[in-house]
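Chain and residue survey
One letter stands for each residue in the lines below.
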Amino acid sequence: MTLAQTTSKFTERIITDLPGPKAQALLARDAQVVSPSYPRDYPFVMDYGRGAEVWDVDGNRFIDFAAGIAVTSTGHAHPQVVQAIKDASDKFLHISSDYYHELQIKLGEKMSRLAPMAEPAMSFFTNSGTESVEGALKLARYVSGRSRFIGFLGGFHGRTMGSLSFTASKFTQQDRFFPTMPGVTHVPYPNNYRPLFAAQDQGQAVLNYIENILFQSNVPANEVAAILIEPIQGEGGYIVPPDGFLPGLRELCDRYGILLITDEVQSGVGRSGKMFAVEHWGVQPDIMTTAKGLASGMPIGTVTARKSLMEKWAPGAHGNTYGGNPLCCAAALATLDLVEQEYMANAAALGDYLLGRMQDLAQRYPLIGQVRGKGLMIGMEFVEDRESKKPAKKFVSELIHEAFYNGLLLLPCGVSTIRFMPPLMLSRELADEAMEIFEQSIKAVSDRL
Ligand code: PLP
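Residues numbered from 1 in each chain as written. Predicted model: local features only at pLDDT ≥ 70, side-chain atom pairs only at ≥ 80, totals over all residues. Heavy atoms only, no water.

Points about the overall build of the protein chain
In terms of helices and strands, the protein chain carries 13 helices and 15 strands. The principal-axis extent of the C-alpha atoms belonging to the protein chain is close to 60 × 60 × 45 Å. Taken over 449 residues, the protein chain has a buried fraction of 57%. Of the contacts made within the protein chain by residues no fewer than 6 positions apart, 73% connect residues no fewer than 24 positions apart. Here the protein chain has roughly 19100 Å² of accessible surface; of this, 53% comes from carbon and sulfur atoms. Of note, the protein chain has its 41 positive side-chain charges centred 2 Å away from the centre of its 48 negative side-chain charges. (Helix = DSSP H or I, 4+ residues; strand = E, 2+ residues; numbered from the N terminus. Buried < 20%, exposed > 50% of the residue type's maximum accessible area, 1.4 Å probe, protein only. Contact = heavy atoms within 4.5 Å. Areas by Shrake-Rupley, 256 points an atom, 1.4 Å probe, with all protein chains shown as cover. Lys, Arg positive; Asp, Glu negative; His and termini not counted. Charge placed at Lys NZ, Arg CZ, Asp CG, Glu CD.)

Considerations on helix H3 (residues 79–91)
Under the 1.5 Å per step criterion, the end-to-end length of H3 is 19 Å for 13 residues, consistent within 8% with the ideal 18 Å. Burial in H3 covers these residues: Val81, Ala84, Ile85 and Ala88. Along the axis of H3, the buried positions cluster into a sector of 95 degrees, meaning they face one direction only. Turned more than 90 degrees away from the buried face of H3 sit Pro79 and Asp90, all of them exposed. Tucked into the core, H3 has its buried residues touching helix H4 (102–114) and helix H11 (326–364). (Expected span 1.5 Å × (residues − 1). Arc of directions from axis to C-beta.)

Some details on the state of the cysteines
Tallying each qualifying case throughout the model produces 0 disulfides. Of the cysteine sulfurs around cysteine 329, a residue in no disulfide, the closest is that of cysteine 328, at 7.0 Å. The exposure class assigned to cysteine 329 is buried, which follows from its relative accessible area of 0%. (Disulfide = S-S within 2.5 Å.)

Brief notes about the nonpolar core
In this structure, Phe215, Leu249, Phe382, Phe420 and Phe438 are the most contacted members of the largest nonpolar core, which totals 109 residues. Ranked by the residues each element gives to this core, the list is headed by H11, at 19 residues. Two domains each put at least three residues into this core: domain 1 (3–77 + 342–448) and domain 2 (79–339). Beyond its immediate stretch of four places on either side in the chain, leucine 249 contacts Phe152, Leu207, Ile210, Ile227, Ile229 and Leu260. (Core = buried A, V, L, I, M, F, W, Y, C linked by side-chain atoms within 4.5 Å. Domains from an automatic or database assignment.)

What to know about the site of the ligand
With respect to spatial proximity, the complete set of residues near the ligand consists of Ser128, Gly129, Thr130, Phe156, His157, Gly158, Glu230, Glu235, Asp263, Val265, Gln266 and Lys292. Here phenylalanine 156 contributes a backbone N or O atom positioned 3.4 Å from a nitrogen atom of the ligand. Here glutamine 266 contributes a side-chain N or O atom positioned 2.8 Å from an oxygen atom of the ligand. Its free accessible area being 390 Å², the ligand has 82% of it covered by the protein chains. Class assignment for the residues of the shell around the ligand results in 2 nonpolar, 6 polar and 4 charged. (Near = heavy atom within 4 Å. Polar contact = N/O pair within 3.5 Å; in protein donor to acceptor, adjacent residues only side chain to side chain. Nonpolar A, V, L, I, M, F, W, Y, C, P; charged D, E, K, R; others polar.)

Quick word on the sheet that holds strand E13 (residues 408–409)
The 4 strands are arranged E1-E2-E3-E13 in an open sheet whose pairing can be described as mixed. Across the chains shown, the open sheet's two edge strands, defined by having one partner strand only, are strand E1 (46–50) and E13. For strand E3 (residues 61–64) and E13, the ladder comprises 2 bridges, and the chain directions are parallel. If you follow aspartate 64 over to E13, its bridge partner there is leucine 409. Along the sheet, helix H13 (residues 428–448) contacts strand E2 (53–56), E3 and E13; its crossing angle with E3, the most-contacted strand, is approximately 105 degrees. (Pairing = 2+ DSSP bridges. Axes fitted to C-alpha atoms, helices over the stretch in contact; angles between N-to-C directions.)

Description of the packing of H11 against H13
The contact between H11 and H13 brings their axes to 11 Å, and the two run at 20 degrees. By the angle between their axes, H11 is roughly parallel relative to H13. Crossing of H11 against H13: the hand is right-handed. Where H11 abuts H13, its residues Leu350, Tyr353, Leu354, Arg357, Met358, Leu361 and Arg364 lie against Arg428, Ala431, Asp432, Met435, Phe438, Glu439 and Ile442. Classifying every residue of the contact of H11 with H13 by side-chain character gives 9 nonpolar, no polar and 5 charged. (Parallel < 35°, antiparallel > 145°, perpendicular 65-115°, else oblique. Left-handed = near helix turned anticlockwise from the far one by under 90°.)

Regarding the pairing of strand E4 (residues 121–126)
Judged by how many residues are buried, E4 sits mostly within the fold: 5 of 6 residues are covered. Judged from the 6 bridges that link them, E4 and strand E10 (residues 301–306) form a sheet pairing that is antiparallel. Of the residues in E10, the one forming a bridge with methionine 122 is alanine 305.

As C-alpha cells, then:
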C-alpha cells in the first residue's frame, strides 16, 4: 500500500489522498534539510489546530489523540493561553535567569503549592524534559554527596548524556552513544501483564531485588544518590505499577537515605487525572521533574524539589540562559489554572469513560492483550494471541497508519502498545468520534492482515 493510494471512508474529515499535494511538496523539502533522526510515524503536516482537532496543509481534519506527545494539555491554541503569551510578549521576550521577574516567581509559587511534597518546594526552570532530568540528577548528586543512581528498564528520561544513561525503552536510543554517564544501574519496572519474576506481586519482587540482590552484590546502598522513576511508565508502554510499589519504593529510599526522583514529564500536570501521578499512591518525592504539558506547548520544564534540598544549591552550581522565559511562564500559569479548575477533572472522568469503551473493545477483539492507564494516559497493548502474548508489532504499525488515513492521530509506545494521550479538554463527542474511527481502523487492518 503506498500512502497516496489510500482514500478514507471518513470523507467529511479526509478530503484528499494522504499525504495531499501540499503536504507532499513540504515533505520533499523537509527530507532535504531536517534531521532524519526524528522518528516520524506517518506524514502529518500541520497547518493549524483548535482544541483537540488539527488540520493539515491540504485541509484534512484530524482528531488529535497524540497532543504533540502529551504536550498540548489545554488543547491547541487555547484562547486563555494564547492571550497570556500575547500579554507577556508585549512587555519583553527575554531577560535571562540571571535577573528577576514576576511571572517566574509566580510560577515558582504555584509549583510550590501544587508539588506533592509536605514541605514547601523550590523550582529550577528548564527548557525541556531532558534538561529537567539533568538538573534533578545534578541536584541529587550535589546534596547527597553520593554518585550512583538506580533507573528502570523500559524507562524514558530524555536524550542528553545524563538522562540518556537512564533511558532504556528502545535499543536505538542507546545504540552507538556509549559511554554515557557511569554509575547507573537498571532494574526491571514491575509489570503484572508481563511478569519478569516468579512472584505474585511484581512490585514487591522488584523491591526485594533491589534490596536483597543489588544492594548485597555490586551496588552499595550508601553510594546511591537517588532512584529515578516514572510513576507511570510512558514511552516504555504506558505501564501502571502495582499499587504497593511506589509506596514501597519510598520506604526503601527512606531506609537507605536515598532520594526519590519522580519523572512527571509525561504523567504530570493533570494527565493522569491528578495533578501529579504519584498522588494516586499518596507518595511524596524529594525531587520531581516536569515539562511537556506544563505550558500547553511552550518549551518549559521544572526541577521541583523540597526547599530544604534545593536551597543547598550554591549560586552558579547550576544555571541556564532561557530558564523561566516570560512567555513560557505566562503559558504555564494559564495552563495550570485551566488544568486545576477544569481539565484535570475532565481527564479523570473522560479517562474512565474511554477506558471503559476500550475494555469493551477488548472483549470483541482478541488481538487486544491489555488496556491500562489512568486519566487520559491510556495504553492498549496488542498481541498476536492472548496465550503467547507475542507482541503484534506489525498490526500496531498498520493500525496507526490506518487511523491516520481515517483522521485520527495516534502514537505507539513500548513494543506493541498504542498510547492515547489527547488534550485534557477533550469532549465526550470527540472521544466518541475517535473511538468510532479507531474501531473502523482495527476492522480494516484485521481484514487486510
Ligand atoms: N521524561 C519523560 C518521562 C518523558 O516522557 C520524556 C519525553 O518523552 C522526557 C523525560 C524527555 O523530554 P524532552 O523530549 O522534552 O527532552
